[in-house]
Amino acid sequence: MAERVIPLFDHRLKTRRAAVPSDHRGPTGRLVDTRGRVLRDLRISVTDRCNFRCSYCMPKEVFDANHTYLPHSALLSFEEIARLARVFAAQGVQKIRLTGGEPLLRKNLEVLVEQLAPLRTVDGRPLDLTLTTNGSLLARKARQLRHAGLQRVTVSLDALDDKVFRRMNDVDFPVADVLRGIEAAQAEGLGPIKVNMVVKRGTNDHEIVPMARHFRGSGVALRFIEYMDVGATNGWRMDQVLPGVEIVDLLRAQWRLVALPPSSAGETAQRWGYADAAEQYDASLGEVGLINSVTHAFCGDCNRARLSMDGTLYTCLFASSGHDLRSLLRGDGINSGSSDDDLAAAIGEIWEHRGDRYSELRADTSSHQGSGRRRVEMSYIGG
Ligand code: SAM
Ligand code: SF4
Ligand code: SF4
């Protein structure tokens with residue numbers, strides 16, 4: 001069947017102005033949503049631009065020369081991002097991931113990292129500060145990022161075979177440059193490094209075992225991500241999803257694997273460690289992860305919020321609308337900009353009303369929530 005690409009109208013979708021409840025008393029340090037999930041993790045998308053055109057994320061046919069990106073004035077400044085991040089930390093966030101688009105395309109990103117690095121959790125610990133990148137600029141940027149205070153990176157890489165990789169990024173970018181970026185990040189101590197591989201059946205599933213062989217014993221944790229129906233432009237079809245259980249079978253045919261416990265609450269990956277002849281986990285060989293976001297919904301403990309580059313807050317990767325925090329930050333011509341306490345209260349109000357569980361509903365075949373709705377694009381909120 002031919003690939004189907006749905007034209008993009010406005011991937012930014014509608015937003016409503018976030019509201020400040022009248023009776024608030026500043027940050028509470030812990031926000032719980034309607035399903036008992038505590039806010040812990042904030043993903044900040046710093047740009048809507050990318051130098052790759054991965055067909056599952058920013059297909060060329062849609063993100064072409066006619067596509068209009070946000071003007072610079074619409075983007076949150078580094079100071080605005082850092083201010084919001086501080087407020088989120090005061091509301092219980094413990095981990096911040098910078099993403100995009102391609103985050104390393106945002107000029108002087110290390111300056112933002114410098115502003116985020118001193119932030120502390122409510123109990124006084126440094127935030128877990130990390131970045132997801134396609135790796136294309138990492139060799140050049142790793143040292144600056146490390147010196148600015150970044151702790152670790154996740155690099156996306158879908159194949160080792162140069163031809164397959166060039167086809168998947170669709171801009172003819174060579175795999176060797178990404179591998180150099182991973183080496184540079186390792187040399188700078190930006191670890192433990194994770195590598196994310198989106199698996200699309202019929203496109204790169206033959207690269208699963210070579211990728212695992214390459215990273216086994218290298219200190220890098222490879223994670224396989226099921227191809228997801230994010231956004232509305234990638235023409236997603238269920239038959240292109242290779243279920244994580246099949247990936248584990250492929251790996252088990254080659255190596256001994258033992259299940260490992262989740263490394264943190266809300267962990268999205270099922271972890272498997274390479275084992276020795278006595279079936280014991282051998283840390284020197286490392287681990288792989290399976291992010292089975294389609295076949296195994298993990299909404300039950302989803303503790304993630306997503307902030308777009310223009311200051312819209314989304315409480316689900318599959319949201320069809322978001323909450324505008326930028327007008328609270330900046331004021332809207334009538335109201336002046338809000339205080340930190342007001343911002344904290346607005347964020348609290350949003351999280352405490354949250355009930356998202358898209359993946360669970362998608363898995364429930366009696367529900368049609370999954371298909372028809374327009375949804376925000378991955379490149380806008382960063383995965
Ligand atoms: N450009 C950076 C990168 O590729 O790492 C950061 C942004 S990208 C949107 C974040 C992650 O989302 C990447 O690991 C990418 O592979 C993943 N991703 C994008 N579209 C996806 C899809 N349809 N299904 C599963 N993962 C997807
Ligand atoms: Fe760009 Fe990352 Fe999306 Fe690929 S997955 S198009 S690298 S934002
Ligand atoms: Fe979280 Fe939404 Fe993904 Fe469920 S579908 S795990 S609520 S982001």
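What you see is a predicted model; the values in this text were computed from it and never measured.

**Digging into empty space enclosed by the protein**
Then step 1. Inspection of the entire model under this criterion finds one cavity of 30 Å³ or more.
Then step 2. Looking at the largest cavity, its volume works out to about 40 Å³.
Then step 3. Lining the largest cavity are 13 residues, with Phe215, Arg216, Val220, Tyr274 and Glu287 positioned closest to its centre.
Then step 4. Those elements that provide at least two residues to the lining of the largest cavity are α6 (208-215) and β10 (287-291).
Then step 5. Looking at the lining of the largest cavity, its residues break down into seven nonpolar, four polar and two charged.

**Observations regarding the packing of helix α2 (residues 109-116) against helix α3 (residues 138-148)**
Then step 1. In contact at an axis separation of 8 Å, α2 and α3 are set at 20° when each is read in the N-to-C sense. The angle between the axes of α2 and α3 places the two elements in the roughly parallel class. Read as a crossing pair, α2 and α3 show a hand that is right-handed. Taking contact as the criterion, the partners of Leu109, Glu110, Val113 and Glu114 in α2 are, on α3, Lys141, Gln144, Leu145 and Ala148.

**Some details on the side chain of Glu267**
Then step 1. Checked against the element boundaries, Glu267 lands in the loop between β8 (257-260) and β9 (270-274).
Then step 2. Buried and without a salt bridge, Glu267 has Arg223 as its closest oppositely charged side chain, separated by 4.5 Å.
Then step 3. Dropping the residues within four chain positions of it, Glu267 is found in contact with Arg223 and Pro262.

What counts and how
Residues numbered from 1 in each chain as written. Chains lettered and ligands numbered in written order. Predicted model: local features only at pLDDT ≥ 70, side-chain atom pairs only at ≥ 80, totals over all residues. Heavy atoms only, no water. 1 Å grid on protein atoms, 1.4 Å probe; cavity = no way out; pocket = protein on both sides within 12 Å on 5 of 7 lines; lining within 4 Å. Points joined across faces, edges and corners; volume = space filled by probe spheres on them. Helix = DSSP H or I, 4+ residues; strand = E, 2+ residues; numbered from the N terminus. Nonpolar A, V, L, I, M, F, W, Y, C, P; charged D, E, K, R; others polar. Axes fitted to C-alpha atoms, helices over the stretch in contact; angles between N-to-C directions. Parallel < 35°, antiparallel > 145°, perpendicular 65-115°, else oblique. Left-handed = near helix turned anticlockwise from the far one by under 90°. Contact = heavy atoms within 4.5 Å. Buried < 20%, exposed > 50% of the residue type's maximum accessible area, 1.4 Å probe, protein only. Lys, Arg positive; Asp, Glu negative; His and termini not counted. Salt bridge = Lys/Arg side-chain N within 4 Å of Asp/Glu carboxyl O.

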